[in-house]
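One letter stands for each residue in the lines below.
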Amino acid sequence: MKTISESRAFGGVQGVYSHASDACGCDMTFGLFVPETGQDGPVPLLWFLSGLTCTHENAMLKSGAQSWAAKQGVAVVFPDTSPRGPGVADDPAYDLGQGAGFYVNATETPWAPHFRMWDYLAEELPRLLFNAFPLEEELQAISGHSMGGHGALTLAMAFPGRFRSVSAFAPIAHPSASEWGRKQFTAYLGPDEAKWAAHDATLLMRRRGFDGPLLIDQGASDPYVDLLMPEALIEAIAKRRQPASFRLQKGYDHSYFFVSTFMEDHLDFHAEALFA
C-alpha cells in the first residue's frame, strides 16, 4: 500500500492511499478518515460509497463527513467507484465503464477482467483496512449516494450481521426496472435478469430485508427521481415491515449540497447503532 497524502482534519487524519488490487487487476485508490480516538485503539468504521462519475474524492471533499465522524469517534472510508487505468475497459457514456462500476462483479466482455467491485468491497478492501489501520471489524456501518446508495443497500442485505446500520442518499432503488440499472446490468452481467436480482435493493428487500436500522433521504426536487424509483423500495419496506426511516426532503436535489446538509443526521444515526 502506498500513502498518497495524509492531512490533519478535526483532530484526526484524512488519508489517501493506493494499492494493487487482485480483485480488480489494477491499482485502486481510497480515502480514509481516522478520528483522533483511533490513536487509543480500534474505532468503528463507516463505509461511504459514491455515485456515477465519482472517484474517492467526491464525498471525501464535499460531504463534510469528517467533522461529524470526528465528533462521534467513527472512521469513514471512501472507496473509488470503479477500476481505472489505461488497460481497463471504458465507454464514452458517463454511466458505463470507469466511474460507473455499479458495485457488481462483471461477467461479460470487455468488463469481466477488471470490473469486480463487489469482491473488492466485500472481501479485498476490508482485509486491507482491518490489517493496516486501527479499525474495529465487529463495528461496521455503510452508507452511500445514488449508485453508491444502491451499493450500500445491496451489500448490507447480502451480508447479514456485518453492518450494524445502513443509510442512503437518493439511492438507485430498483435498478433492474430502471435505465440506471438495466443498461449497466446488461453490459456487466448479461441479459439474464435472474442474475440481476442480487444487486437490486427493492428485490432484496422483498426477499430478505436488513437485520438492523435503515435510513434513506430523498430530495423531493431530485431531477433523477424517475430513474431512482424510490417508491418501489418504499413499497417493499412497508410490505416487509422493515424498521426504516424514509425522508422526502422538500426542495432538495441530487447534489452534494443535499448530501452535506443531511450528513450529520446520517453520522448520528450510524453512531447510535455502532455504540449501542
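Here, the structure is the one placed above.
Here the structure is a predicted model, which is why all the values come from computation and not from measurement.

**Things to note about the environment of C54**
Then, in step 1: Tracing the sequence through the fold places C54 in the loop between β4 (43-49) and α1 (57-62).
Then, in step 2: Taking the relative accessible area as the measure of exposure, C54 reaches 6% and is therefore buried.
Then, in step 3: With 94 residues separating them along the chain, C54 and G148 place their C-alpha atoms 9.6 Å apart.
Then, in step 4: Other than its neighbours up to four places away in sequence, C54 contacts D80, T81, R84, G99 and Y256.

**Thoughts on the packing of helix α2 (residues 65-72) against helix α9 (residues 256-274)**
Then, in step 1: Contact geometry of α2 with α9 gives a least axis separation of 9 Å together with a crossing angle of 30°. Relative to α9, the element α2 lies roughly parallel. For the pair α2 and α9, the sense of crossing is right-handed. For the pair α2 and α9, contact is made by A65, W68, A69, K71 and Q72 and by M263, E264, L267, D268 and A271, respectively.
Then, in step 2: Its residues assigned to classes, the contact of α2 with α9 shows 6 nonpolar, 1 polar and 3 charged.

**Here we look at the environment of G144**
Then, in step 1: For G144, the location among the structural elements is in strand β6 (residues 135-144).
Then, in step 2: Along the backbone, G144 and F130 are 14 residues apart, and their C-alpha atoms lie at a distance of 20 Å.
Then, in step 3: In contact with G144, not counting residues within four places along its chain, are F48, L49, G149, A152, S167, A168 and F169.

**Some thoughts on the pattern of salt bridges**
Then, in step 1: Tallied over the entire structure, the rule returns 8 salt bridges.
Then, in step 2: A salt bridge links R182 to E193, with the shortest nitrogen-to-oxygen separation between them at 2.8 Å. Here E193 lies in the loop between α5 (179-189) and α6 (201-207) and R182 lies in helix α5, a separation of 11 residues in the sequence.
Then, in step 3: In this structure E193 comes out as partly exposed when scored by relative accessible area, which is 40%.
Then, in step 4: The shortest N-O distance in the salt bridge between K239 and E235 comes to 3.3 Å. Remark: E235 and K239 occur in helix α8 (residues 230-240); sequence separation between them is 4 residues, near one turn of the helix.

**Some words on the packing of aromatic side chains**
Then, in step 1: Counted according to the given criterion, the structure contains 14 aromatic pairs.
Then, in step 2: Ring centres of F48 and F169 lie 6.1 Å apart, and the angle between their planes is 50°; on these two criteria the pair is classed as tilted. Pair noted here: F48 is in strand β4 and F169 is in strand β7 (residues 166-169), with a separation of 121 residues, a long-range link.
Then, in step 3: Look at F48 and you get buried, because its relative accessible area is 2%.
Then, in step 4: Ring geometry for Y252 versus F262: centroids 5.0 Å apart, planes at 70°, classification edge-to-face. Residue Y252 is found in the loop between β9 (244-249) and α9, and its partner F262 is found in helix α9; the two are separated by 10 residues along the sequence.
Then, in step 5: When its relative accessible area of 9% is taken as the criterion, F262 is described as buried.
Then, in step 6: Aromatic ring contacts, followed pair by pair, group F48, F169, Y252, F258 and F262 into a single cluster.
Then, in step 7: Its end group placed over the ring of F159, R162 keeps NZ or CZ at 4.1 Å from the ring centre.

Calculation criteria
- Residues numbered from 1 in each chain as written.
- Predicted model: local features only at pLDDT ≥ 70, side-chain atom pairs only at ≥ 80, totals over all residues.
- Heavy atoms only, no water.
- Helix = DSSP H or I, 4+ residues; strand = E, 2+ residues; numbered from the N terminus.
- Buried < 20%, exposed > 50% of the residue type's maximum accessible area, 1.4 Å probe, protein only.
- Contact = heavy atoms within 4.5 Å.
- Axes fitted to C-alpha atoms, helices over the stretch in contact; angles between N-to-C directions.
- Parallel < 35°, antiparallel > 145°, perpendicular 65-115°, else oblique.
- Left-handed = near helix turned anticlockwise from the far one by under 90°.
- Nonpolar A, V, L, I, M, F, W, Y, C, P; charged D, E, K, R; others polar.
- Salt bridge = Lys/Arg side-chain N within 4 Å of Asp/Glu carboxyl O.
- Phe/Tyr/Trp six-rings, centres within 6.5 Å; stacked < 30°, edge-to-face > 60°.
- Lys NZ or Arg CZ within 6 Å of the ring centre and 35° of its normal.

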